[in-house]
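Coordinates in review
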Amino acid sequence: MRHFGYVRNYEGVLRQLAAEGHRVHIAAELGRNKMGEDSLGQRLASELPAITLGRAPVPEDSVWSRASQISRVLVDALRYMDPHYRNAPALHPRAERTVPRAVRPFLHFVERLGSRVSRLVCVTLCALERVIPLSADVSAFLREQAPDVLLVTPLVEPASIQVDYIKSASALGIPSALCVASWDNLTNKGAIRVSPDRVFVWNAAQIEEAVSLHDVPRGRVVMTGAQIFDHWFSWKPSRTREEFCRTLGLDPARPIILYLGSSF
């Protein structure tokens, strides 16, 4: 995981895996805890002996690792030259900000040549990604953990190091899968530069997004539903409509309109 905040998205899945006897090690790239993201993971680990937490090692600094980072952010930015994004003008400038200033002239040069050339450059960079040497630190970590399967999320962050994990897992014969974390991850984040063995998506729309926007072979995409909402199926009312309306001073005989938003 990028950070332990993603545990929230998969709490139900993690609990079910532990209940079925699987050992789950959750490794996070970042130690971010500004909004208490670590608390849920720590609670799961304290409640369930089958679940452990730790940090995911970052690939060692080298010429190859720096080259791969530049290659990935270029792919992330150039993908917005695709005709699919002609009516989404805000996404490209946001992606461009992740590209190092020294490399932006090359980015702009390719963009001036048009979407077909941008597409060709993306394909070439993804092919080069597959021949960049594996990270020794990431490979050593996977050998130590010796998992039966590697799951990554969200993978589509700019220049994600999770690509290194998928590459090392493939070389070590460990099946890998991307768990798509949110409804918009495949449309307005970075690219899937190297396809894992499976991509788990929420719905039929995301199947098409994975195939058309990320070139994932259709046979690798599996629709599972949205794990973050699984717990809703077990929820039951805690009080009657009349009790709820009395608390808020509403007339239970009249309709209620609920307005929800995700941002302040």
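Each value, and the rule that gives it
- Residues numbered from 1 in each chain as written.
- Predicted model: local features only at pLDDT ≥ 70, side-chain atom pairs only at ≥ 80, totals over all residues.
- Heavy atoms only, no water.
- Axes fitted to C-alpha atoms, helices over the stretch in contact; angles between N-to-C directions.
- Helix = DSSP H or I, 4+ residues; strand = E, 2+ residues; numbered from the N terminus.
- Parallel < 35°, antiparallel > 145°, perpendicular 65-115°, else oblique.
- Left-handed = near helix turned anticlockwise from the far one by under 90°.
- Contact = heavy atoms within 4.5 Å.
- Nonpolar A, V, L, I, M, F, W, Y, C, P; charged D, E, K, R; others polar.
- Phe/Tyr/Trp six-rings, centres within 6.5 Å; stacked < 30°, edge-to-face > 60°.
- Buried < 20%, exposed > 50% of the residue type's maximum accessible area, 1.4 Å probe, protein only.
- Lys NZ or Arg CZ within 6 Å of the ring centre and 35° of its normal.
- Salt bridge = Lys/Arg side-chain N within 4 Å of Asp/Glu carboxyl O.
- Pairing = 2+ DSSP bridges.

Moving on, we get to the packing of helix H1 (residues 11–19) against helix H2 (residues 38–47). At a minimum axis distance of 12 Å, the contact between H1 and H2 shows a crossing angle of 15°. Relative to H2, the element H1 is oriented roughly parallel. Handedness of the crossing formed by H1 with H2: right-handed. Together, Glu11, Leu14 and Arg15 of H1 and Leu40, Arg43, Leu44 and Glu47 of H2 make up the contact between the two elements. Considering only residue class, the contact of H1 with H2 consists of 3 nonpolar, no polar and 4 charged.

Turning our eyes to something else, we now look at the packing of aromatic side chains. How two aromatic rings sit relative to each other is set out by the distance from centre to centre and by the angle between their planes. Taken as a whole, this structure holds 5 aromatic pairs when the rule is applied. The interplanar angle of 70° and the centroid separation of 4.7 Å between the aromatic rings of Tyr80 and Tyr85 together place this pair among those described as edge-to-face. The class of Tyr85 is buried, set by a relative accessible area of 9%. Geometrically, the ring pair formed by Trp202 and Phe229 is edge-to-face, given 5.8 Å between the ring centres and 80° between the ring planes. Of this pair, Trp202 sits in the loop between strand E5 (198–201) and helix H10 (204–214) while Phe229 sits in the loop between strand E6 (221–223) and helix H11 (241–248), and the two are 27 residues apart along the sequence. An aromatic cluster is built from Trp202, Phe229, Trp232 and Trp235, whose rings are joined through pairwise contacts. Sitting over the ring of Tyr80, Arg79 keeps its end group 5.2 Å from the ring centre.

As enumerated under the stated definition, the model contains 13 salt bridges in all. Residues Asp61 and Arg66 are paired through a salt bridge, measuring 2.9 Å at the closest nitrogen-oxygen approach. Classification of Asp61 by relative accessible area gives exposed; the value is 64%. Among the salt bridges present, the one from Lys167 reaches Glu129, with a minimum N-O distance of 3.0 Å. Here Glu129 lies in helix H6 (residues 115–129) and Lys167 lies in helix H8 (residues 162–171), a separation of 38 residues in the sequence. Bridged by salt links that share partners, the residues Glu11, Arg15, Arg43 and Glu47 form one connected network.

It is worth spelling out the sheet that holds E5 at this point. As summarised here, the arrangement of the 4 strands in space is E3-E4-E5-E6, forming an open sheet in which the pairing is parallel. Across the chains shown, the open sheet's two edge strands, defined by having one partner strand only, are strand E3 (150–152) and E6. Geometrically, the sheet is characterised by an average inter-axis angle of 25° between neighbouring strands, direction not taken into account. The pairing of E3 with strand E4 (residues 176–179) spans 3 bridges and is parallel. Residue Leu151 lies in a different strand from E4, and its bridge partner there is Ala177. Packed on one face of the sheet, H10 meets E5 and E6 and runs near 170° to E6.

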